[in-house]
Amino acid sequence: MPQQNLLARQQPVLPIPFVDRRREYRVLKKLSAGGVVKRPVGYNQHWLLLSWQPGETLTRQEFAEYLRPVCRALASLHHQPLTGYRLSLTALLEQYWQLCRQKTHHWLQFWQRLKSQGEPLPLRLVPLHMDIHAGNVVKDSQDCRFIDWEYTADGDIALDLAVICLNDSANETQWIDYYAGIAGLTPQRLARHVSRWKPWLKLLMACWYQLRSEQTASPQMQMLARQYWQNLSS
C-alpha cells in the first residue's frame, strides 16, 4: 500500500461556534465530488482525518499577486451544489455572546444595531469557504487550492469576497472587479453587498478572538482581541 501524508484535525475540546468535525467531514465529502477538495479519509467523534494538501501556502505579499488564480478557485467553489448547511451570522454571533464571559456595552450596542438591521439578503446563495486569507491558500502549479474548511457553509456569494477584502483591504477594488467579471456580476453591485457584510464580519472576528483569548489565556490572543475591538470602534 503506497504511503501518504495525512492530516488529523481534533474535535475542539472547548466549544467554538460552528466548528464541528462531523459537519466538516460531510461537507468535504460533498465538495470532493466537484474536485475542489480531496475526499476526507475518515471521521470519528474525536478526529477528522484528511489527505495532506501538498504545496506551499501563500505569503501575505503573494496573496494579492495570486489574485486571479484565487478568484478562479473561489468561482469553482461557488459553482458547486449547496452543502445543506445554511450559515446564519445572527445565530453564530448569538452563540459567541452566550459563550464569552467578558461583555462590554460597546459590543452590545454594535450587536443590537446589526440585529435591528437584519442580515443582508443574499445576492446569490452558494457554498462558502468563509476563511480565505494567505495562510489558507496553497500554491498548486499555476493554480491555487484552499485548506482549512471548518467554517464552510451555504451563504451569500459576497461573504467570501468580504472576508478577502478585510484581509487585503489595499487591493479591495481589484478583488471585486476581477471576481465580478468571473461571476457575471457588476462590480458596483458586488461592492455594495461586500460593504453590507463587513460590519458583521468585523464583529465576528472580534468575538472569535475574544472567546479564544478567554479559553486559552494566551497573551497574544488577548492582544489580538483588544486590537479587533479597537478596529470595530474605528
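These lines cover the structure that appears in this document, whether it is placed above or below. (Residues numbered from 1 in each chain as written. Predicted model: local features only at pLDDT ≥ 70, side-chain atom pairs only at ≥ 80, totals over all residues. Heavy atoms only, no water.)

## Comments concerning the packing of helix 6 (residues 157-167) against helix 7 (residues 172-183)
- As a packed pair, helix 6 and helix 7 sit with axes 10 Å apart at the nearest point and diverge in direction by 155°. Judged by the angle between their axes, helix 6 and helix 7 are roughly antiparallel. Crossing of helix 6 against helix 7: the hand is right-handed. On helix 7, the residues that touch Ile157, Leu161, Ile164 and Cys165 of helix 6 are Glu172, Trp175, Ile176, Tyr179 and Ala183.
- Split into classes, the residues belonging to the contact of helix 6 with helix 7 amount to 8 nonpolar, no polar and 1 charged. (Axes fitted to C-alpha atoms, helices over the stretch in contact; angles between N-to-C directions. Helix = DSSP H or I, 4+ residues; strand = E, 2+ residues; numbered from the N terminus. Parallel < 35°, antiparallel > 145°, perpendicular 65-115°, else oblique. Left-handed = near helix turned anticlockwise from the far one by under 90°. Contact = heavy atoms within 4.5 Å. Nonpolar A, V, L, I, M, F, W, Y, C, P; charged D, E, K, R; others polar.)

## A word on the layout of surface pockets
- In this structure, the largest pocket occupies an estimated 1,100 Å³ of space.
- Counting residues per element, the lining of the largest pocket draws most heavily on helix 8 (residues 187-216), at 6 residues.
- Put simply, the second largest pocket is a space of about 330 Å³.
- Along its surface, the second largest pocket is lined by 19 residues, and Leu7, Ser51, Gln53, Ile147 and Asp148 are the ones closest to its centre.
- Put simply, the parts of the chain that give the lining of the second largest pocket at least two residues each are strand 1 (6-10), helix 1 (21-32), strand 3 (47-51) and strand 6 (143-146). (1 Å grid on protein atoms, 1.4 Å probe; cavity = no way out; pocket = protein on both sides within 12 Å on 5 of 7 lines; lining within 4 Å. Points joined across faces, edges and corners; volume = space filled by probe spheres on them.)

## Looking at the packing of helix 5 (residues 105-117) against helix 8
- Across the interface, helix 5 lies against helix 8 with an axial gap of 11 Å and an inter-helix angle of 140°. The two elements helix 5 and helix 8 cross, and the hand of that crossing is left-handed. Between helix 5 and helix 8, the residues in contact are Trp107, Phe110, Trp111 and Leu114 and Pro199, Trp200, Leu203, Cys207 and Gln210, respectively.
- Grouping the amino acids of the contact of helix 5 with helix 8 by side-chain chemistry returns 8 nonpolar, 1 polar and no charged.

## Remarks on helix 6
- Helix 6 sits mainly inside the fold: 9 of its 11 residues count as buried.
- Among the residues of helix 6, Ile157, Ala158, Leu159, Asp160, Leu161, Ala162, Val163, Ile164 and Cys165 are the ones counted as buried. (Buried < 20%, exposed > 50% of the residue type's maximum accessible area, 1.4 Å probe, protein only.)

## As for the pairing of strand 5 (residues 137-140)
- Two strands pair when backbone bridges link them, and strand 5 and strand 6 are joined in this way by 4 bridges, in the antiparallel orientation. Paired with valine 138 across the bridge in strand 6 is arginine 145.
- Remark: 2 residues form the turn of the hairpin made by strand 5 and strand 6, two consecutive strands paired antiparallel; serine 141 in that turn has positive phi of roughly 60°. (Pairing = 2+ DSSP bridges.)

## Some thoughts on the pattern of salt bridges
- The full count for this structure, using the stated rule, is 9 salt bridges.
- One salt bridge connects aspartate 148 with arginine 9, and the closest N-O pair in it is separated by 3.8 Å. Here the residue aspartate 148 occupies a position in the loop between strand 6 and strand 7 (153-156), and arginine 9 occupies one in strand 1, the gap between them amounting to 139 residues.
- On the accessibility criterion, arginine 9 (13% relative accessible area) is buried. (Salt bridge = Lys/Arg side-chain N within 4 Å of Asp/Glu carboxyl O.)

## Examining a positive patch on the surface
- A surface patch of like charges, here positive, comprises Arg22, Arg26, Lys29, Lys30 and Arg39.
- Residue placement: lysine 29 occurs in helix 1.
- Judged by relative accessible area, lysine 29 falls into the partly exposed class, the value being 32%. (Patch = residues over 30% accessible without salt bridge, like charges linked within 9 Å, V, L, I, M, F, W, Y side chains within 5 Å. Areas by Shrake-Rupley, 256 points an atom, 1.4 Å probe, with all protein chains shown as cover. Lys, Arg positive; Asp, Glu negative; His and termini not counted. Charge placed at Lys NZ, Arg CZ, Asp CG, Glu CD.)

## What to know about the environment of aspartate 154
- Mapped onto the elements of the fold, aspartate 154 is located in strand 7.
- Sequence spacing of aspartate 154 and histidine 193 is 39 residues, and the spatial spacing of their C-alpha atoms is 16 Å.
- Separated by 2.8 Å, the side chain of aspartate 154 and the backbone nitrogen of threonine 83 make a polar contact. (Polar contact = N/O pair within 3.5 Å; in protein donor to acceptor, adjacent residues only side chain to side chain.)

## Let's talk about unusual backbone geometry
- A positive phi is found at methionine 130, a non-glycine position, where the angle reads about 75°.
- Tracing the backbone through its elements, the reader meets methionine 130 in the loop between strand 4 (125-128) and strand 5.
- Of note, the phi angle at alanine 217 is positive, near 55°, even though the residue is not glycine.
- Mapping alanine 217 onto the fold places it in the loop between helix 8 and helix 9 (219-233).

## Focus: the nonpolar core
- Formed by 69 residues in total, the largest nonpolar core has its most connected members in Phe63, Val70, Leu89, Tyr179, Leu190 and Leu203.
- Not counting residues up to four positions away in its chain, the partners in contact with leucine 203 are Leu93, Trp107, Phe110, Trp111, Leu114, Trp229 and Leu232. (Core = buried A, V, L, I, M, F, W, Y, C linked by side-chain atoms within 4.5 Å.)

## Considerations on the packing of aromatic side chains
- All chains considered together, the criterion is met by 9 aromatic pairs.
- Taking the centre distance of 6.1 Å and the plane angle of 85° together, the rings of tryptophan 111 and tryptophan 200 count as edge-to-face. Of this pair, tryptophan 111 sits in helix 5 while tryptophan 200 sits in helix 8; the two residues are 89 residues apart in sequence, bridging distant segments of the chain.
- Judged by its relative accessible area of 1%, tryptophan 200 falls in the buried class. (Phe/Tyr/Trp six-rings, centres within 6.5 Å; stacked < 30°, edge-to-face > 60°.)

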